Amino acid sequence: MSAPDPTALQQALRGQVIPPGHPAYDDSRAIWNGMIDRRPWAIARCIGTADIQACLRYALEHDLPFTVRGGGHNIAGLAVADDALMIDLSGMRGAWVNRGAGTVRVQPGATLGDIDRETQLHGLAAVLGFVSNTGATGLTLGGGFGYLTREYGWTCDNVTSAELVTAEGRLVRASETENADLFWGLRGGGGNFGIVAGMDHKLYPVGPEIVGGLIAWKAEDADAVLEMFRNVTVNAPRELTCAALMRKAPPAPWLPPEMHGQPIVGIVLCHSGPVEQAEADVSAIIHHGSPVGSVVQRRSYVSQQSILDATQPNGRRYYWKSEYLPGLDSDLLRSYRDYGERIESPHSAILLFQVGGAVADLPEDHSPMGNRDARYVLNITASWEGAEEDERHIGWARDAWASMRGFSTGGTYVNFLTEDDGIDRIRDAYGAHYDRLVEVKTRWDPANVFNANKNIAPR
Ligand SMILES: Cc1cc2nc3c(=O)[nH]c(=O)nc-3n(C[C@H](O)[C@H](O)[C@H](O)COP(=O)(O)OP(=O)(O)OC[C@H]3O[C@@H](n4cnc5c(N)ncnc54)[C@H](O)[C@@H]3O)c2cc1C
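Analysis parameters
- Residues numbered from 1 in each chain as written.
- Predicted model: local features only at pLDDT ≥ 70, side-chain atom pairs only at ≥ 80, totals over all residues.
- Heavy atoms only, no water.
- Helix = DSSP H or I, 4+ residues; strand = E, 2+ residues; numbered from the N terminus.
- Rg over C-alpha atoms; globule rule 2.2 N^0.38 Å.
- Buried < 20%, exposed > 50% of the residue type's maximum accessible area, 1.4 Å probe, protein only.
- Contact = heavy atoms within 4.5 Å.
- Areas by Shrake-Rupley, 256 points an atom, 1.4 Å probe, with all protein chains shown as cover.
- Lys, Arg positive; Asp, Glu negative; His and termini not counted.
- Charge placed at Lys NZ, Arg CZ, Asp CG, Glu CD.
- Axes fitted to C-alpha atoms, helices over the stretch in contact; angles between N-to-C directions.
- Parallel < 35°, antiparallel > 145°, perpendicular 65-115°, else oblique.
- Left-handed = near helix turned anticlockwise from the far one by under 90°.
- Near = heavy atom within 4 Å.
- Polar contact = N/O pair within 3.5 Å; in protein donor to acceptor, adjacent residues only side chain to side chain.
- Phe/Tyr/Trp six-rings, centres within 6.5 Å; stacked < 30°, edge-to-face > 60°.
- Lys NZ or Arg CZ within 6 Å of the ring centre and 35° of its normal.
- Pairing = 2+ DSSP bridges.
- Domains from an automatic or database assignment.
- Buried area = accessible area lost by both parts, 1.4 Å probe.
- Salt bridge = Lys/Arg side-chain N within 4 Å of Asp/Glu carboxyl O.
- Disulfide = S-S within 2.5 Å.
- Core = buried A, V, L, I, M, F, W, Y, C linked by side-chain atoms within 4.5 Å.

So, on to the overall build of the protein chain. Assigned secondary structure in the protein chain consists of 15 helices and 19 strands. A globule of 459 residues ought to have a C-alpha radius of gyration of about 23 Å, and the protein chain, at 22 Å, matches this closely. Taken along the three principal axes of its C-alpha coordinates, the protein chain extends 70 × 55 × 40 Å. Counting across all 459 residues of the protein chain, residues that qualify as buried make up 60%. Of all intrachain contacts in the protein chain linking residues separated by at least 6 positions in sequence, the fraction that spans at least 24 positions is 72%. About 17,400 Å² of surface is accessible on the protein chain, with carbon and sulfur atoms providing 49% of the total. Both charge centroids of the protein chain, one from 41 positive and one from 56 negative side chains, sit 2 Å from each other.

In contact at an axis separation of 9 Å, helix 12 (residues 330–341) and helix 13 (residues 390–404) are set at 165° when each is read in the N-to-C sense. Overall, the two elements helix 12 and helix 13 adopt an arrangement that is roughly antiparallel. As for the relative orientation of helix 12 and helix 13, their crossing is right-handed in sense. For the pair formed by helix 12 and helix 13, the contact residues are Leu332, Ser335, Tyr336 and Tyr339 on the first element and Trp396, Asp399, Ala400, Ser403 and Met404 on the second.

Near the ligand lie 34 residues; those nearest to it are Gly70, Gly72, Phe130, Phe145 and Tyr413. Note that an oxygen atom of the ligand is positioned 3.0 Å from one of the backbone N or O atoms of His73. Contact with the protein chains removes 97% of the 950 Å² of surface that the ligand exposes when unbound. For the shell around the ligand, the element with the highest residue contribution is helix 5 (residues 136–141), accounting for four residues.

Bringing the packing of aromatic side chains into the picture now. This model, assessed by the stated rule, comprises 17 aromatic pairs. Here the aromatic rings of Phe229 and Tyr376 are separated by 6.2 Å at their centres, their planes lie at 50°, and the arrangement is tilted. With Phe229 in helix 8 (residues 222–235) and Tyr376 in strand 19 (residues 376–384), this residue pair connects regions lying 147 residues apart in the sequence. Its relative accessible area of 1% is what places Phe229 among the buried residues. The class for Tyr376 is buried, based on a relative accessible area of 4%. Three or more aromatic residues joined by ring pairs form one cluster here, namely Trp32, Phe130, Phe145, Tyr147, Trp154, Tyr318, Trp320, Tyr324, Phe353, Tyr413 and Phe416. One Lys or Arg, Arg187, reaches over the ring of Phe183 and ends 3.9 Å from the middle of that ring.

Taken as a whole, helix 4 (residues 112–119) has its buried residues at Leu112, Asp114, Ile115, Asp116 and Thr119. Where the residues of helix 4 are buried, they touch strand 5 (95–98), strand 6 (103–106), strand 7 (124–125), helix 5 and helix 11 (301–304).

Quick look at the sheet that holds strand 8 (residues 159–165) now. If you trace the five strands from one edge of the open sheet to the other, you get 5-6-10-8-9, paired in antiparallel fashion. The sheet terminates laterally at strand 5 and strand 9 (171–175), the two strands that pair on one side only. Strand-to-strand twist across the sheet, computed as the mean angle between neighbouring axes with direction ignored, equals 15°. Bridge count for strand 8 against strand 9 is five bridges, and the pairing is antiparallel. Each bridged residue has a counterpart across the sheet, and for Ser161 the counterpart in strand 9 is Ser175.

Once that is clear, we can look at the domain arrangement of the protein chain. Taken domain by domain, the protein chain comprises domain 1 (6–88), domain 2 (95–205) and domain 3 (209–416). In this structure, domain 1 and domain 2 have C-alpha centres spaced 22 Å apart. Listed as interface residues are twelve residues of domain 1 and, on the opposing side, eleven residues of domain 2. Both sides together, the interface formed by domain 1 and domain 2 hides about 970 Å², and carbon and sulfur atoms give 73% of it. Contact with domain 2 buries area across many residues of domain 1, yet Thr49, Ile52 and His73 alone supply 43% of it, more than any other trio. Our count for the domain 1 to domain 2 interface comes out at zero salt bridges.

Quick look at the state of the cysteines now. Where two cysteines share a covalent bond between their sulfur atoms, that bond is called a disulfide. If you walk through the whole model with that rule in mind, you get zero disulfides. Just so you know, Cys55 is unpaired, no disulfide at all, and the nearest cysteine sulfur is the one on Cys46, 3.9 Å from it. In this structure Cys55 comes out as buried when scored by relative accessible area, which is 0%. Its sulfur unpaired, Cys242 is 9.5 Å from the next cysteine sulfur, which belongs to Cys270. The class of Cys242 is buried, set by a relative accessible area of 1%.

Next up on the list: the side chain of Asp445. Looking at the element boundaries, Asp445 is found in the segment after helix 15 (434–444). A polar contact of 2.9 Å, which involves the side chain of Asp445, links it to the backbone nitrogen of Phe450. Setting aside residues no more than four positions away along its own chain, Asp445 makes contact with Ala167, Asn192, Phe450 and Pro458.

What follows deals with the nonpolar core. Ranked by internal contacts, the top residues of the largest apolar core, which has 44 residues, are Ile267, Ile285, Tyr336, Ile350, Leu352, Ile380 and Met404. Excluding residues that lie within four positions of it along the chain, Met404 makes contacts with Leu332, Ser335, Tyr336, Tyr339, Ile350, Leu378 and Ile380.

The strand order across the open sheet built from four strands is 1-2-4-3, with neighbouring strands paired in mixed fashion. The open sheet has two edge strands with one neighbour each: strand 1 (17–18) and strand 3 (66–69). Across the sheet, helix 3 (residues 49–61) is in contact with strand 2 (42–45), strand 3 and strand 4 (85–88); its angle to strand 4 comes to roughly 165°.

So, in structure tokens, the structure goes:
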């Protein structure tokens, strides 16, 4: 076996190989979470499925560890490792609508925004997440949820088929009728089974105009706002999805300057039904108390899908803790408010995303994503600028989590797990499905070549 050599890999690819020292190396190894600073052996920018297959074969032949990068948004930094080949799919961003089938074929580097832009040309949407620069395939492989989840289920519930390169370097399809065990595992089991080269997602009529946006109140009103949030979300039609957030007010033009930097409580919402109905359904929220600002209005679905983008720039330092919740217990809401008011960083937040609805229509074992008893997702998101502040903000997130985790369903979202979340948290994410995932892993990747992920070890 020859020593691995980026020039030799280049000869096997149509896309570019970027070794250390190349002018594009530092930009290409950087990912969303600025806490992650790793130096890969080289970065291979794949332009097609044949490049993916060639990269995998090269890595296996040369015993070279490798990672897979889609949108680069995984908080644990799974996309990049020291001395490993980064198989970079971020240039493969196609999204092609098949109107007849009611689906969209998604390439593995497509972001949520790439897909919405194409599907909205047809007045259609896939079930995606809340921030448009997130990689769609990474999100889907871990489960996925967003504004349309209450109507149509987890993102992975809406995948109809996938094409992937397996541990043997074979290109296979997985669907309900082809390699059904693999198809089951792909819908939540992450990158454990192969490198996905394309996925088909179901589409639904949404927009182009919807009612959505953000509304905020002073943090001193948090108790009443959270009580209202609980009542509204328990009774909301499936077309309406809300998330509560507490943070310091950003210097956004829709918030008065005297509020900037002050603690606020807010609700981000999206109603995907007819706009007249939507305006009636959101009335209890927009007429609650004395908001300090609101941009809840008729707007394009595409603008709604990027409304939180500015809060999540590339390169800042991030640390999260997360749990699924069965409901909003009053004691939980008290802790939520206390830690929300105690936020020190201008960028940190605590979010309560509403889920439930269609998620609970399917049987628990429909896919390893499971967690169909979840009604809310708690996400404690610390975010700050400098390494010297790591301890302070990570400490806040951990303390907040310690005070609220007792209200969890016991489940957690695999895509929100950080670098320091180990096997016990992976087991929490999959619950009773973990053992079945091990079986599928043992069949499709017995040597665990796909290990740069939240790993399911084969038997
Ligand atoms: C700002 C932000 C907002 C988010 N919002 C949401 C949200 O609203 N809803 C939600 O559900 N999640 C959300 N997430 C979580 C998100 O789903 C995960 O971070 C996910 O891992 C992102 O995928 P990516 O392709 O961008 O990540 P990457 O870091 O590129 O990839 C992560 C890992 O996924 C696997 N992977 C990715 N692509 C492939 C592939 N083609 N084949 C095989 N394995 C692959 C690999 O193991 C890879 O290392 C958000 C994350 C961030 C940072």
